[in-house]
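# Summary of the model geometry
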Amino acid sequence: MELSNSRQEDLGKLSDVCQPATFGVNKEDVYDESYRKAEKLDISNFATSFDLNNTGLVDIVHDALGL
């Protein structure tokens, strides 16, 4: 999904898999929508197809550094 050019329906589906995100207060995880309404998207629900090793970039940097 390209976020800059997404349909409202697609963004809704993305939002549906998000979970409430807690934050730390006095060394405790707290969820308080009156203070912060945040959501998280766990890696199990999100993945990118980008694989740095398949780009050849690592080899270019390696060679440029003379390693």
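Structural notes, computed from the coordinates. (Residues numbered from 1 in each chain as written. Predicted model: local features only at pLDDT ≥ 70, side-chain atom pairs only at ≥ 80, totals over all residues. Heavy atoms only, no water.)

## Notes on the pattern of salt bridges
What counts, and what does not: Any Lys or Arg side-chain nitrogen located within 4 Å of an Asp or Glu carboxyl oxygen qualifies as a salt bridge. Burial status follows relative accessibility: with a 1.4 Å probe on protein chains alone, a residue under 20% of its type maximum counts as buried, one over 50% as exposed, and anything between as partly exposed. Under the scheme used here, helices are H or I runs from DSSP no shorter than 4 residues and strands are E runs no shorter than 2 residues, and both carry numbers assigned from the N terminus.
By the definition in use, this model includes three salt bridges. In this structure, E9 and R7 form a salt bridge, with 3.9 Å as the shortest nitrogen-oxygen distance. Since its relative accessible area comes to 47%, E9 is described here as partly exposed. Residue E9 pairs with K13 through a salt bridge whose shortest N-O separation is 3.5 Å. Here E9 pairs with K13, and both are found in helix α1 (residues 8–16), just four residues apart, close to one helical turn. Three or more residues are tied together by salt bridges with common partners; here these are R7, E9, D10 and K13.

## Topic: unusual backbone geometry
One non-glycine residue, N26, adopts positive backbone phi at about 50°. Summarising the element assignment, N26 is placed in the loop between β2 (23–25) and β3 (28–30). Despite not being glycine, K27 shows a phi value in the positive range, around 65°. For K27, the location among the structural elements is in the loop between β2 and β3.

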